[in-house]
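What follows is each chain in one-letter form.
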Amino acid sequence: MQRSIKNEGETRKGCVEKCGELKLRDQNIMKSAVAESTMADHKANMVKGAAGKPPIRAQSEHANEKVAKRSVSDSNGTNGGATAPSELSALEEAFRKFAVHGDTRATGKEMHGKNWSKLCKDCNVIDGKNVTITDVDIVFSKVKGKSCRTITFDQFKEGLEELALKRFKGKADEEAAQQLYKLIEGKYPIISGVTKAVLSPTVSRLTDTSKFTGSHKERFDQSGRGKGKAGREYLVDKTGYVAGYKHAGTYDQKVKGTKHE
């Protein structure tokens, strides 16, 4: 009886162990199957992405193509396909010089009304007959924006075209504009010289040392030059001669000359 119970327990134990081994094998099979399906999906995605892209080129081939493009751009006078900045025209250069005049913060891209009037005056656009300072101010207010205090280069040219019709009457619009441009091209702002001081009669009389009297007269010599300390303080004469003696300093010469003889 005891032997049969013992055999039955060993049988049950063997069955449990065998079931565990089968379960573990099934789990391993499932894991391998999932891994294989994931790998297959990844490869399929890679193939799809590569279908719409150009083939990858070698690094040396890409570098050689860059060098070839650079040589072609250098021979054509361009820089990598970018257009080179055009040089400023003589009219635009004059515009920038007048635009920055008197304003250290100006960039030269915009011009104030004050500098606009100065340009028209310095370049002889204002002749006093056909074009006046009033005409210049009216044109500036016309071409500038409503809420702006400055004009751009394009607005500047528009204003010059307006003045050209008044400055050169009887000529075609294009011809008049070109003649007005020539008056401005290559010009610089004229810097006014230092204002000379004008002496009034009162100032001249007060600075004339020949008319000084008293102690003030003693401070200057006959040429009007100051004597310095000698003119401000009384210096004691210790030479031994009387003040105003004409032959001062000749005593030693006479005495030495007599002894020598």
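For the structure itself, consult the block above.
Since the structure is predicted, the reported quantities are computational estimates derived from the model, not experimental observations.

A.B. asks: How should helix 5 (residues 133-143) be read in this particular structure?
C.D. replies: Three- or four-residue spacings in an α-helix give side chains the same orientation, since the helix completes a turn every 3.6 residues. Residues D135, V136, V139, F140 and V143 constitute the buried set of helix 5. The buried residues of helix 5 occupy an angular sector of 135 degrees when projected down its axis, which confines them to one face. In helix 5, the exposed residues that point more than 90 degrees away from the buried face are I138 and K142. Buried residues along helix 5 sit against strand 1 (111-112), helix 4 (113-122), strand 2 (150-151) and helix 6 (153-167).

A.B. asks: Could you clarify how one ought to interpret the pattern of salt bridges in this entry?
C.D. replies: In a structure, side chains of opposite charge can pair up when their charged atoms sit close to one another. According to the stated counting rule, one finds 6 salt bridges in the structure shown. The salt bridge involving E93 is made with K97; its shortest N-O contact spans 3.4 Å. Note that E93 and K97 are positioned in helix 3 (residues 90-99) at a spacing of 4 residues, about one turn of the helix. Using a relative accessible area of 36% as the deciding quantity, one classes E93 as partly exposed. Residue classification places K97 among the partly exposed residues on the basis of a relative accessible area of 23%.

A.B. asks: What is the right way to look at the state of the cysteines in this model?
C.D. replies: Working definition of a disulfide: a covalent bond connecting the sulfur atoms of two cysteines. A complete count under the given rule lists 0 disulfides for this structure. Counting only cysteine sulfurs, C123 is the nearest neighbor of C120, a cysteine outside any disulfide, at a range of 7.8 Å.

A.B. asks: For this particular structure, what's the right way to read the side chain of D135?
C.D. replies: Inspection of the secondary structure assignment puts D135 in helix 5. Among the residues examined, D135 registers a relative accessible area of 16% and is labelled buried. Among the polar contacts listed, one links the side chain of D135 to the backbone nitrogen of T132, at a separation of 3.1 Å. Beyond its immediate chain neighbours, meaning those up to four positions away, D135 contacts N130, L163 and K166.

A.B. asks: Any chance you could explain the environment of K144 here in plain terms?
C.D. replies: Here K144 shows up in the loop between helix 5 and strand 2. Residues within four places of K144 in sequence aside, it is in contact with T150, I151 and Q155.

A.B. asks: Please clarify how the nonpolar core should be interpreted in this entry.
C.D. replies: The nonpolar side chains of a soluble globular protein tend to be buried, and buried together. Counting 28 residues, the largest nonpolar core has M111, W116, L119, F156, L160, L163 and I184 as the members making the most contacts within it. Those elements that place two or more of their residues in this core are helix 3, helix 4, helix 5, helix 6 and helix 7 (173-184). Not counting chain neighbours up to four residues away, the residues in contact with L160 comprise L91, W116, L180, Y181 and I184.

The rules behind each value
- Residues numbered from 1 in each chain as written.
- Predicted model: local features only at pLDDT ≥ 70, side-chain atom pairs only at ≥ 80, totals over all residues.
- Heavy atoms only, no water.
- Buried < 20%, exposed > 50% of the residue type's maximum accessible area, 1.4 Å probe, protein only.
- Helix = DSSP H or I, 4+ residues; strand = E, 2+ residues; numbered from the N terminus.
- Arc of directions from axis to C-beta.
- Contact = heavy atoms within 4.5 Å.
- Salt bridge = Lys/Arg side-chain N within 4 Å of Asp/Glu carboxyl O.
- Disulfide = S-S within 2.5 Å.
- Polar contact = N/O pair within 3.5 Å; in protein donor to acceptor, adjacent residues only side chain to side chain.
- Core = buried A, V, L, I, M, F, W, Y, C linked by side-chain atoms within 4.5 Å.

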